[in-house]
Amino acid sequence: MAGPKGEKAPLPMRDGVTPSYLWLPEGDWPDLITFMVANYPAVTEAQWRDRMARGDVVDAKGTPLRPESPYKRNLRIFYYRELDHETPIPFEEEVLYQDEHIVVADKPHFLPTIPTGRFVKETLLVRLRRRLGIEDLVPIHRLDRETAGVVVFSCNAASRGAYQSLFQKRLVQKEYEALAGPLPGREFPFSYSSRMVEGDKFFTMKEAPGEPNSETMIDVIERRGEHVLYRLWPHTGRQHQLRVHLSALGIPIVNDAFYPVALPCKQDDVSQPLKLLARAIGFPDPLTGEWRYFESRRQL
């Protein structure tokens, strides 16, 4: 990624991966390698030494840093995030649209939007950077790894704020599809609201008493055997909102491993995708005023 305030990073994009950076906090360390080993235990001392020997750890001016480099408070360090092993995601993304300001992609299930945890290169962002050669590509919003569908990226720093403001002002219309059980006794469409807070596990959310902070409009598309295909319009953008709302209604989304009960991690099993699709997204273009609409080509 670029440095703070859009500054150009001193290391180039490499195979779609842009450098990460950190600021050295206040502290007393004999040298740089001692600090890195103590504060980043996921990377061994041998790995840090190897990266430094390759010139892949530098300061803001691009000067290579060595294990014996002195520790300096507020020094900014750039480096590449590397993983010893990364499980290939056997599904391909599709570019639906591209111009000088935005890129719209169709994300498959199981592919994270951005580098996180045990995924770096096997993420939508890095795949697109590598494929399109656009280093300054930034997602304007995100989808969960388990969710497929439309994601909008900014590829122009000058207009990025204008597109980001659309989401902040809730001017973006998102439409989802989900496969779940039937919900008898309801008139469709209807609106469901609740107060959502962080769950008992760090990666989950839950409902709690109090003023609602999340709202979803729910309608029926068609019956599919013992399940129903629903159309969902989230009016707010809480984490896992659609999954929590349908679970709370007693119709958890098919293959949801988090709700209503968080199941053991399936690791690399990609045989049962969550039946949730970001079907379409629409918004008034902040530069032209034209209504933009993009639809996924995937099917649940």
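Look a little higher up for the structure.
The present account deals with the structure reproduced in this document. (Residues numbered from 1 in each chain as written. Predicted model: local features only at pLDDT ≥ 70, side-chain atom pairs only at ≥ 80, totals over all residues. Heavy atoms only, no water.)

Here we come to helix α5 (residues 241–248). The element α5 is largely enclosed, with a buried count of seven among its eight residues. Among the residues of α5, Q241, L242, R243, V244, H245, L246 and S247 are the ones counted as buried. Phi turns positive, to about 90°, at G250, one or two residues after α5. (Buried < 20%, exposed > 50% of the residue type's maximum accessible area, 1.4 Å probe, protein only. Helix = DSSP H or I, 4+ residues; strand = E, 2+ residues; numbered from the N terminus.)

Summarising the element assignment, N156 is placed in the loop between β7 (148–154) and α4 (157–168). C-alpha separation for the pair N156 and A60, spaced 96 residues apart in sequence, amounts to 23 Å. Within the local environment of N156, its side chain forms a polar contact with the backbone nitrogen of A158, the two atoms lying 2.9 Å apart. (Polar contact = N/O pair within 3.5 Å; in protein donor to acceptor, adjacent residues only side chain to side chain.)

On to the nonpolar core. Grouped together as the largest cluster of nonpolar side chains are 34 residues, with contacts concentrated most on F153, L232 and L246. When residues of this core are traced back to their parent elements, those giving at least two are β5 (102–107), α3 (124–132), β7, β8 (173–180), β9 (190–198), β12 (227–234), α5 and β13 (276–284). By size, the runner-up hydrophobic cluster in this structure holds 15 residues, among which are L22, L32, I33 and V43. (Core = buried A, V, L, I, M, F, W, Y, C linked by side-chain atoms within 4.5 Å.)

Once that is clear, we can look at the sheet that holds strand β3 (residues 76–79). Here three strands make up an open sheet; going across it, the order is β1-β3-β2 and the pairing antiparallel. The outermost strands of the open sheet, each flanked by one partner alone, are β1 (20–23) and β2 (57–59). Mean inter-strand twist for the sheet, computed between neighbouring axes without regard to direction, equals 25°. Judged from the three bridges that link them, β2 and β3 form a sheet pairing that is antiparallel. Looking at the pairing, V58 lines up with F78 of β3. (Pairing = 2+ DSSP bridges. Axes fitted to C-alpha atoms, helices over the stretch in contact; angles between N-to-C directions.)

Moving on to the packing of aromatic side chains. Going through the model one piece at a time under the given rule, you end up with 13 aromatic pairs. Look at W29 and F35: their rings are 5.5 Å apart centre to centre, the planes differ by 80°, and that puts the pair in the edge-to-face class. Three or more aromatic residues link up through ring pairs in this structure, and these residues are Y97, Y163, F283 and F294. It is R14 that lies over the ring of Y80; its NZ or CZ is 3.9 Å from the centre. (Phe/Tyr/Trp six-rings, centres within 6.5 Å; stacked < 30°, edge-to-face > 60°. Lys NZ or Arg CZ within 6 Å of the ring centre and 35° of its normal.)

What follows concerns the pattern of salt bridges. A side chain of one charge can pair with a side chain of the opposite charge when the charged atoms of the two come close. Within the structure shown, the criterion is met by 24 salt bridges. Between R51 and E82 there is a salt bridge, and its shortest N-O distance comes to 3.6 Å. Of the two residues, R51 sits in helix α2 (residues 45–53) while E82 sits in the loop between β3 and β4 (94–98), which places them 31 residues apart along the sequence. Judged by relative accessible area, E82 falls into the partly exposed class, the value being 30%. A salt bridge links D99 to R292, with the shortest nitrogen-to-oxygen separation between them at 3.7 Å. Placement of D99 in the loop between β4 and β5 and of R292 in strand β14 (residues 291–295) is noted, with a sequence separation of 193 residues between them. Of the residues examined, D99 reaches a relative accessible area of 22% and is grouped as partly exposed. Overlapping salt bridges, with partners in common, bring together R14, D50, R51, R54, D56 and E82 in one network. (Salt bridge = Lys/Arg side-chain N within 4 Å of Asp/Glu carboxyl O.)

As a further point, take the pairing of β8. In terms of burial, β8 is largely enclosed, as six of its eight residues are buried. Where β8 meets β13, six bridges bridge the pair, whose relative direction is antiparallel. Bridge pairing in β13 places A178 opposite L276.

Take unusual backbone geometry next. Most peptide bonds adopt trans geometry, and most residues besides glycine take a negative phi value. Residue P189 is reached from F188 by a cis peptide bond, and omega for that bond is -5°. In this fold, P189 is placed in the loop between β8 and β9. Cis geometry marks the peptide bond from Y259 to P260; its omega dihedral reads 5°. Considering the arrangement of structural elements, one finds P260 in the loop between α5 and β13. At N74, a residue that is not glycine, the phi angle is positive and equals roughly 75°. Mapped onto the secondary structure, N74 falls in the loop between β2 and β3. In this structure, N255 takes a positive phi of about 70° despite not being glycine. Relative to the helices and strands, N255 resides in the loop between α5 and β13. We classify N255 as partly exposed; its relative accessible area is 28%.

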